Amino acid sequence: MKSDSIALSEQDLTELARCYSDPIYFIENYTWIEIKEQSKIVPTKLYDYQREILTWLINGENGLVLKSRRVGGSTIVCLYLTWLSTF
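So, how was this worked out
- Residues numbered from 1 in each chain as written.
- Predicted model: local features only at pLDDT ≥ 70, side-chain atom pairs only at ≥ 80, totals over all residues.
- Heavy atoms only, no water.
- Helix = DSSP H or I, 4+ residues; strand = E, 2+ residues; numbered from the N terminus.
- Rg over C-alpha atoms; globule rule 2.2 N^0.38 Å.
- Buried < 20%, exposed > 50% of the residue type's maximum accessible area, 1.4 Å probe, protein only.
- Lys, Arg positive; Asp, Glu negative; His and termini not counted.
- Charge placed at Lys NZ, Arg CZ, Asp CG, Glu CD.
- Pairing = 2+ DSSP bridges.
- Disulfide = S-S within 2.5 Å.

J.: Tell me about the overall build of the protein chain, and name the residues and values.
T.: Along its length, the protein chain carries four helices and two strands. Overall, the protein chain shows an N-to-C arrangement of helices and strands of α-α-β-β-α-α. Taking 2.2 N^0.38 as the reference for a compact globule, 87 residues should give roughly 12 Å; the C-alpha atoms of the protein chain span a radius of gyration of 16 Å, well beyond that estimate. Each of the three principal axes of the protein chain carries a C-alpha extent, and together these read 50 × 35 × 25 Å. Considering the protein chain as a whole, with its 87 residues, one finds that 22% of them fall into the buried category. With 9 positive and 11 negative side-chain charges, the protein chain shows a separation of 10 Å between the mean positions of the two kinds.

J.: For the pairing of strand S2 (residues 40-43), give the residues involved together with the corresponding values.
T.: Bridging between strand S1 (residues 32-35) and S2 involves four bridges; their strand directions are antiparallel. Each bridged residue has a counterpart across the sheet, and for Glu34 the counterpart in S2 is Ile41. The hairpin formed by S1 and S2 contains four residues between the paired strands, and Ser39 there has a positive phi angle of roughly 50 degrees.

J.: Outline the state of the cysteines, listing residues and values.
T.: Counted by the stated rule, this structure contains zero disulfides. We note that Cys19 lacks a disulfide partner, and the nearest cysteine sulfur, in Cys78, lies 19 Å from it. Look at Cys78 and you get partly exposed, because its relative accessible area is 47%.

So this is what it looks like as structure tokens:
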């Protein structure tokens, strides 16, 4: 079986290490979300409350969120799981 390898530059390795160590950086720079009303896909930009939820998840803290619908609560959990499954 042939083994294919990818040569990574020092800059690539630094970027990979930063994404590995900082989920917020990874999410804001390498994920996109769909805005269904506008039929657009845009880069993810986290709101302050989403950063707080993400910090709870990263630190393994319990949190209770009082929120309305369509404010991105499920989205931030899915993005965190994407980071976890990637790294």
